[in-house]
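Working through the structure, step by step
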Amino acid sequence: DILIHCHDAARTYGEGENAVVAVHGATCRVRAGDRIAIMGPSGSGKSTLLHLMAGLERPTSGEVGWPGFGRPATARDVGVVFQSPSLIPALDVAENAALPLVLAGTGEAEARRRALSALDAVGVADLADKLPEELSGGQAQRVAVARVLALGPRVILADEPTGQLDRATGRHVVDVLLDTARELGAALVVTTHDPTVGERLTERWPMHEGRLAAASVPDPAPPAHT
Ligand code: ADP
Ligand code: ADP
């Protein structure tokens, strides 16, 4: 039940003397039911590792695999919550929450039904007709979580989801992420520099200067290409 497997995965930006190694060979895995916090200071490579896990970036060496999916991760298997909620300004809240489903080929009526149900689950059903500019930061981040919940992925990857929120609002967003992961039976991986967020998850993976501390016992074999 391994969902994501990184085997000596590294990511470098730039070339030659300007090269920055954002992530040195990272070996780790995410299993169904995991609740993981990738912890470290700003610039330690947390976002880059999360983007590698999401399939949003390719490793410059090593491998990232999604053995549980039987194929490379698609938008439907992996839901990503970004630090800033990245809502589409011209779409209302319900349309934003439905968008990934529509893009994945779900009919608009069904996508809207699931979006409204997800907005209800995270406590913002009353905002369905609002535009993103009308929302507070905490409300917008809940809508971003609802967008993931509506999609129903097997892994939720959240990049500093509380980074721009005050402590109380951040707490609520972590509650909603944990509830959402439980409801979906999904794994949850959160990057954070905030120890109070990290302690709400089951496992903590420290990162420092692009290096992931030995966090998760690697499989003897690299992930199969599927
Ligand atoms: P964190 O999420 O822990 O703040 P990041 O993964 O964002 O760390 O960044 C790790 C390092 O990689 C930093 O030095 C950052 O400046 C660099 N970096 C990240 N993304 C890029 C990029 N797209 N181009 C160049 N450098 C990048
Ligand atoms: P985070 O707080 O999630 O680490 P950052 O503010 O470090 O986010 O980066 C935001 C975006 O800018 C990310 O997509 C990252 O890849 C990119 N980025 C980070 N550092 C650099 C850099 N030095 N050059 C170019 N892009 C960067």
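Above this text sits the structure in question.
Everything numeric here is computed off the predicted structure, so don't read it as measured data. (Residues numbered from 1 in each chain as written. Chains lettered and ligands numbered in written order. Predicted model: local features only at pLDDT ≥ 70, side-chain atom pairs only at ≥ 80, totals over all residues. Heavy atoms only, no water.)

Quick word on the site of ligand 2
In the neighbourhood of ligand 2, the contacting residues comprise S47, Q83 and D159. The side chain of S47 places a nitrogen or oxygen atom 2.6 Å from an oxygen atom of ligand 2. Within the side chain of Q83, an N or O atom sits 3.1 Å from an oxygen atom of ligand 2. The fraction of the free accessible surface of ligand 2 (550 Å²) that becomes covered by protein chains is 25%. (Near = heavy atom within 4 Å. Polar contact = N/O pair within 3.5 Å; in protein donor to acceptor, adjacent residues only side chain to side chain. Areas by Shrake-Rupley, 256 points an atom, 1.4 Å probe, with all protein chains shown as cover.)

Quick word on the site of ligand 1
Neighbouring ligand 1 are Y13, V20, A22, P41, S42, G43, S44, G45, K46, S47 and T48. Interatomic distance of 2.8 Å between a side-chain N/O atom of K46 and an oxygen atom of ligand 1. S47 places a main-chain nitrogen or oxygen 2.8 Å from an oxygen atom of ligand 1. Contact with the protein chains covers 57% of the free accessible surface of ligand 1, which is 560 Å². When contributions to the shell around ligand 1 are tallied by element, the ones reaching two or more residues are strand 2 (20–31) and helix 1 (46–54). With 3 residues, the top contributor of residues to the shell around ligand 1 is helix 1. (Helix = DSSP H or I, 4+ residues; strand = E, 2+ residues; numbered from the N terminus.)

Some words on the pattern of salt bridges
Side chains carrying opposite charge are able to pair once their charged atoms draw close together. Across all of its chains, the model carries 7 salt bridges by this definition. Residues E110 and R113 are paired through a salt bridge, measuring 3.1 Å at the closest nitrogen-oxygen approach. One end of the pair is E110 and the other is R113, both in helix 3 (residues 108–121) and 3 residues apart, which spans about a single turn. With a relative accessible area of 33%, E110 lands in the partly exposed category. Its salt-bridge partner being D194, residue R167 comes within 3.4 Å of it at the nearest N-O pair. (Salt bridge = Lys/Arg side-chain N within 4 Å of Asp/Glu carboxyl O. Buried < 20%, exposed > 50% of the residue type's maximum accessible area, 1.4 Å probe, protein only.)

Quick look at unusual backbone geometry
Backbone geometry places D8, a non-glycine residue, at a positive phi of 55 degrees. With respect to the secondary-structure elements, D8 resides in strand 1 (residues 2–13). The phi dihedral of E209 falls on the positive side, at around 45 degrees, and the residue is not glycine. Structurally, the position occupied by E209 is in the loop between strand 8 (203–208) and strand 9 (211–212). Owing to a relative accessible area of 59%, E209 belongs among the exposed residues under this scheme.

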